[in-house]
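Remarks on the overall topology
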Amino acid sequence: MKTNYYITTSIPYLNGQPHLGHALEFVMADVLARSARQNGHPTIFSTGTDEHGAKVAQAAAASKMTPQAYCDHLSLEFKHLLKLLGISADRFIRTTDANHEKRAGLIWKALSKDIYKDQYTGWYDVKQEEFIPIGKADPERMKPEHPQAYQRLEEENYFFRLSKYNDQIKKAILSNSFQILPQTRRNEILSLLEEGLEDISISRPKDQLEWGIAVPGDTTQVMYVWLEALMNYITVLNYPEGSDFKDFWPANVQVVGKDILRFHGAIWPAMLLALGLPLPKTLFVHGFITVEGQTMSKSVGNGIHPKEIVNKYGLDAFRYYFLRHIPSYDDGDFSWQTFDAAYNNELANELGNAVQRTVVMIEKYQDSVIGTIPPATHDNAAIAKAIELCKFDRALDEIWQQVRGLNQYIDEEKPWEIAKAKDKDHLQEVLAYQVSCLMEIADLLTPFLPETASKIQGIFNSEKVKPLPTTLFPKLDIPEKQ
Ligand code: MSP
């Protein structure tokens, strides 16, 4: 029996439509989940939506809706996105689910030995849902006229003894029992720990913010949205008594973006340590996407709904671009022009062509009969390693080596000349080798481009080739640039 595998994404706030950043994270996590399943691991892949807090409450008010109705509506948009992108999530948690709310209360109580009441005087950044201590605040954003001005808070709330866990977290990171990828992000957290973590506020007075989960035993306070949202990773497994929790925690990989590293690399591990639970094995931190070189923003109006891209190029082309052309360990850019080029050159000309040529030749020279396919021949350890390290771009580079290698093989062997020479046995051997390579490529592509992989398998998995109604990636007609 293979070991269990648990993978999570962060849960996006419901304050606007899903965007390319969310899509990137879903697609990356999906590769890990599909790869684990392909390797026979019982897998839980969880995602969901983060629905409480000031940011969501403000967005709901701006839409003149109650927070709950607003969340019900937007949460569906995220579910649609998962479907659109072929994301194989097993769980979708909403932090307004009764089960989450109930278990969040249990967790708060279990943390109570590390919780105390105190006065908070400082700033609050609604955009990041973050308490900003006085010394760390950006002076520009203290000005009320700033478009993203902080709120000034002077209130009594609950604090969590984050400082107490500083050294334990550091030790776990240094020993790699809690692995943070990539190295740059690991270093970032280590330097934060070197400075020393301070205790943090973990509640808001209910008269300041109503939209949250009540603090157990204190009707005047609601839980700080981050504290409660982080809990989703275990409430979804029915912590504490659920069998999924017992069988699947700790998570194998938690996938998050670089802006929420501190929450996942410091606060979440401290909460887990306070609960006496093991830390996730790996925290993978992806970068940020820009659109045509610019930060995505509502005011610039450069937000592209993932739907627009999928409608133009198809689902697997979307996944391909985001996994190979957005650097897995760094920031990346989306541009229509780069997408067009990747689609035509790599998907249509390289992969699509290798399949098409093989199909056409088997039809033409062998009356569609494939013959005996030899076993796969490549050593794919580097690809497995790349996936393990969440280097999706690297894994696809390696797979593409095989695609290019196959096209080169066809160009060099020239099966059409073997056909002319009527060397049937040799021709059969060459074409069957091509099929073997394509089946191997399909297997490797399964976690990345699941539809394409199963289409390729469908073409070659019987005695005769079964061509698709259209070629795999029909070439786009791109107008020449003036
Ligand atoms: N609600 C919190 C997460 C709570 S997890 C317990 C949150 N939500 S978010 O909607 O702001 O972000 C969700 C994810 O999308 C984060 O991992 C974030 O880094 C990612 N991205 C948001 N904008 C992004 C880009 N422009 N590019 C890539 N990912 C980005 O944070």
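Cut-offs used in this document
- Residues numbered from 1 in each chain as written.
- Predicted model: local features only at pLDDT ≥ 70, side-chain atom pairs only at ≥ 80, totals over all residues.
- Heavy atoms only, no water.
- Pairing = 2+ DSSP bridges.
- Helix = DSSP H or I, 4+ residues; strand = E, 2+ residues; numbered from the N terminus.
- Domains from an automatic or database assignment.
- Contact = heavy atoms within 4.5 Å.
- Buried area = accessible area lost by both parts, 1.4 Å probe.
- Salt bridge = Lys/Arg side-chain N within 4 Å of Asp/Glu carboxyl O.
- Polar contact = N/O pair within 3.5 Å; in protein donor to acceptor, adjacent residues only side chain to side chain.
- Buried < 20%, exposed > 50% of the residue type's maximum accessible area, 1.4 Å probe, protein only.
- Arc of directions from axis to C-beta.
- 1 Å grid on protein atoms, 1.4 Å probe; cavity = no way out; pocket = protein on both sides within 12 Å on 5 of 7 lines; lining within 4 Å.
- Points joined across faces, edges and corners; volume = space filled by probe spheres on them.
- Nonpolar A, V, L, I, M, F, W, Y, C, P; charged D, E, K, R; others polar.
- Near = heavy atom within 4 Å.
- Areas by Shrake-Rupley, 256 points an atom, 1.4 Å probe, with all protein chains shown as cover.

1. Overview of the sheet that holds strand β14 (residues 289-291)
Read across the open sheet, the three strands follow the order β15-β14-β16; overall the sheet is mixed. Of all strands in the sheet, those bounded by a partner on one side alone are β15 (294-295) and β16 (332-334). As judged from the two bridges shared by β14 and β15, these two strands associate in the antiparallel manner. Note that in β15 the partner of Thr290 across the bridge is Thr295.

2. A look at the domain arrangement of the chain
By the assigned domains, the chain splits into domain 1 (5-287) and domain 2 (335-460). Placing the centre of domain 1 and that of domain 2 at their C-alpha centroids yields a distance of 42 Å. Facing the nine residues of domain 1 at the interface are ten residues of domain 2. Of the roughly 910 Å² buried between domain 1 and domain 2 on both sides combined, carbon and sulfur atoms contribute 74%. The largest per-residue losses of area from domain 1 upon contact with domain 2 belong to Val31, Arg34 and Gln38, which jointly make up 49% of the total buried on that side. One can count zero salt bridges joining domain 1 with domain 2. In this structure, the connection of domain 1 to domain 2 is made through one residue pair in polar contact (both at pLDDT 80 or more).

3. Some thoughts on helix α15 (residues 381-388)
Owing to its 3.6 residues per turn, the α-helix aligns residues three or four sequence positions apart on the same side. Listed in full, the buried residues belonging to α15 are Ile383, Ala386 and Ile387. Down the axis of α15, the buried set is contained in an arc of 100°. They therefore lie on one face. Residues of α15 that are buried make contact with α1 (20-38), α16 (392-413) and α18 (424-445). Phi turns positive one or two residues past the end of α15, at Cys390, with a value near 60°.

4. Considering the layout of surface pockets
Approximately 780 Å³ is the volume attributed to the second largest pocket. In this structure, the second largest pocket is lined by 30 residues; those nearest its centre are Glu130, Phe131, Pro133, Lys136 and Arg262. Going through the elements one at a time, β4 (115-125), β5 (130-132), α7 (183-195), β8 (200-201) and α11 (261-274) are the ones with two or more residues in the lining of the second largest pocket. Looking at the lining of the second largest pocket residue by residue, the classes come out as 15 nonpolar, four polar and eleven charged.

5. Some points on the site of the ligand
Of all residues adjacent to the ligand, which total 24 residues, the nearest are Ile11, Glu25, Asp50, Asp259 and Ile289. Within the backbone of Tyr13, an N or O atom sits 3.2 Å from an oxygen atom of the ligand. Here a nitrogen atom of the ligand sits 2.8 Å away from a polar atom, N or O, in the main chain of Ile289. Across the complex, the protein chains shield 93% of the 660 Å² of accessible surface that the ligand would expose by itself. For the shell around the ligand, the secondary-structure elements that each account for two or more residues are α1, α8 (225-230), α9 (232-235) and β12 (253-257).

6. A word on the sheet that holds strand β9 (residues 203-205)
The sheet built from three strands is open, its strands ordered β9-β11-β10 with antiparallel pairing. Both edges of this open sheet fall to β9 and β10 (214-215), since each of them pairs with a single strand only. Two strands pair when backbone bridges link them, and β9 and strand β11 (residues 218-223) are joined in this way by three bridges, in the antiparallel orientation. Note that in β11 the partner of Ser203 across the bridge is Met223.

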